[in-house]
Amino acid sequence: MGDAVELEVDGRTVRLSSPDKIFFPERGFTKLDLARYYIAVGPGILRALRDRPTTLERYPEGVTGENFFQKRAPKNMPDWIPTAHITFPSGRSADEMCPTEAGAVVWAAQFGTLTFHPWPVRRDDVDHPDELRIDLDPQPGTDYDDAARAAHELRAVLDEFGGLRGFPKTSGGRGLHVFVPIEPRWTFTQVRRAAIAVGREMERRMPEQVTIKWWKEERGERIFLDYNQTARDRTIASAYSVRPRPHAPVSAPLRWEEVGVAHPQDFDLATMPARFAELGDVHADMDDKRYSLEALLDLARRDEHDHGLGDLPYPPEYPKMPGEPRRVQPSRARKEKEPPTAP
């Protein structure tokens, strides 16, 4: 697999062992190709990860091998990579790595990290998100183009409720993500409530195309706006992350005029460096301004007061939350209510 090599990353020397190990057999990409990719897009992925507690999605033997999510900072992590102490919904806690330089990304790639999953917080305040993240997830019978149409309507909703500016990117799969930089004033619960309000407004505007129904049996052929991606400890793949699929796609930041024109297959480990060299990070100004959630939280209060629309179910691994409705599949709930049949 070749002798180890040393890579220079913004003045930091990072050692890469087995550089010729094949990570993507279908394309022939090696570990060294992965590391060089992250060097090429270094300013972009660092902008997405800087000071954020980050979970590592690792494939030590490549995309066809076993994988795992590493939440706790590796014991062999160098002391120049800082950490943050975070608490999970279970009550457990951990120290997670918080990249502050591009060398940390390449160091993680050395251990088979393909995808980086940052929290929507910074290490100096891990309880107040500074991003509202909207995940548009195509359901069976829908595709990326449907998600793109929903994203343009989402852009209008965000602008109407608070003049919010969203930054779109491909998921690296069939979906789209839209991130809104926000003031770190609200808790995870409040940010999730704002995401639910966005989802309900989208349902009203596009009832046949968008849903926030948590249970799959109720979603139909619509784009699912996954409000629970804003719950504590739920993360979304960062911009520029490589995704674990045979053709090595990446999560690509987009300009709004590209949404629905460019497609996920346009962006992979081979093509993104050239795009980055030409355009730079198209989300480079994402941290220039932070927005208020007050208008969306007002919408949430109106939904509850005028329409009786309160909280929605959390993911199954979460403890029961205050105000949460009964967490049971609708078809099962109906069966439980049916009277017993006569003998």
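Residues numbered from 1 in each chain as written. Predicted model: local features only at pLDDT ≥ 70, side-chain atom pairs only at ≥ 80, totals over all residues. Heavy atoms only, no water.

Caption draft 1: Quick peek at the overall build of the protein chain. A tally of helices and strands in the protein chain yields eight helices and 14 strands. The globule rule puts the C-alpha radius of gyration for 343 residues at 20 Å, and the 21 Å found for the protein chain is close to it. Projecting the C-alpha coordinates of the protein chain onto the three principal axes gives extents of approximately 75 × 55 × 40 Å. A separation threshold of at least 6 residues defines the contact pool for the protein chain, and within that pool the share at least 24 residues apart is 68%. With an accessible surface of roughly 15,300 Å², the protein chain has 48% of that area assigned to carbon and sulfur atoms. Looking at the protein chain, you have 49 positive and 56 negative side-chain charges, and the mean spots of the two groups are 4 Å apart. (Helix = DSSP H or I, 4+ residues; strand = E, 2+ residues; numbered from the N terminus. Rg over C-alpha atoms; globule rule 2.2 N^0.38 Å. Contact = heavy atoms within 4.5 Å. Areas by Shrake-Rupley, 256 points an atom, 1.4 Å probe, with all protein chains shown as cover. Lys, Arg positive; Asp, Glu negative; His and termini not counted. Charge placed at Lys NZ, Arg CZ, Asp CG, Glu CD.)

Caption draft 2: Examining the UniProt feature "domain: DNA ligase D polymerase" (unreviewed entry) in the protein chain more closely. When the UniProt feature table is mapped onto this chain, "domain: DNA ligase D polymerase" (unreviewed entry) is found at residues 30–282. Measuring from the first to the last C-alpha atom of residues 30–282 gives 27 Å, for a span that is 28% helix and 19% strand. (UniProt positions renumbered as here; feature names shortened; annotations may be inferred.)

Caption draft 3: View of the packing of aromatic side chains. Counted by the stated rule, this structure contains ten aromatic pairs. Both rings, one in Phe24 and one in Phe29, keep their centres 6.4 Å apart while their planes meet at 75°; by these two values the pair is edge-to-face. Given a relative accessible area of 0%, Phe24 falls into the buried group. Using a relative accessible area of 11% as the deciding quantity, one classes Phe29 as buried. (Phe/Tyr/Trp six-rings, centres within 6.5 Å; stacked < 30°, edge-to-face > 60°. Buried < 20%, exposed > 50% of the residue type's maximum accessible area, 1.4 Å probe, protein only.)

Caption draft 4: Molecular detail of the pairing of strand S5 (residues 54–58). Burial of S5 is extensive: five of the five residues sit out of reach of the surface. Judged by which residues are buried, S5 turns out to be covered on both faces: Thr54, Leu56 and Arg58 on one side and Thr55 and Glu57 on the other are all buried. Pairing between S5 and strand S9 (residues 113–118): five bridges, direction antiparallel. Paired with Arg58 across the strands is Thr113, a residue of S9. Note: S5 against strand S6 (residues 68–70), three bridges, orientation antiparallel. Residue Leu56 lies in a different strand from S6, and its bridge partner there is Gln70. (Pairing = 2+ DSSP bridges.)

Caption draft 5: A look at the pattern of salt bridges. With the rule as written, the count across this model stands at 31 salt bridges. Between Glu61 and Lys21 there is a salt bridge; the shortest N-O distance is 3.6 Å. One end of the pair, Glu61, is in the loop between S5 and S6; the other, Lys21, is in the loop between strand S2 (12–16) and strand S3 (22–24), and 40 residues separate them in sequence. Asp233 is paired through a salt bridge with Lys71; the nearest N and O atoms lie 2.7 Å apart. One end of the pair, Asp233, is in the loop between strand S14 (223–225) and helix H6 (272–279); the other, Lys71, is in the loop between S6 and strand S7 (83–87), and 162 residues separate them in sequence. (Salt bridge = Lys/Arg side-chain N within 4 Å of Asp/Glu carboxyl O.)

Caption draft 6: Spatial organisation of the packing of helix H5 (residues 188–205) against helix H7 (residues 294–307). Their axes nearest at 8 Å, the elements H5 and H7 cross at an angle of 70°. Here H7 runs roughly perpendicular to H5, going by the angle between their axes. Of the two possible hands of crossing, H5 and H7 adopt the one that is left-handed. Contacts between H5 and H7 pair Gln190, Arg193, Ala194, Ala197, Val198, Arg200, Glu201 and Arg204 from the former with Leu296, Leu297, Leu299, Ala300, Asp303 and Glu304 from the latter. Residues of the contact of H5 with H7, tallied by class, amount to seven nonpolar, one polar and six charged. (Axes fitted to C-alpha atoms, helices over the stretch in contact; angles between N-to-C directions. Parallel < 35°, antiparallel > 145°, perpendicular 65-115°, else oblique. Left-handed = near helix turned anticlockwise from the far one by under 90°. Nonpolar A, V, L, I, M, F, W, Y, C, P; charged D, E, K, R; others polar.)

Caption draft 7: Spotlight on the environment of Arg232. Relative to the assigned elements, Arg232 resides in the loop between S14 and H6. Each C-alpha atom, one on Arg232 and one on His128, is 10.0 Å from the other, the two residues being 104 residues apart in sequence. Once residues lying within four places of it in the same chain are set aside, the contact partners of Arg232 are Thr87, Phe88, Pro89, Trp119, Val126, Asp127, Phe188 and Tyr318.

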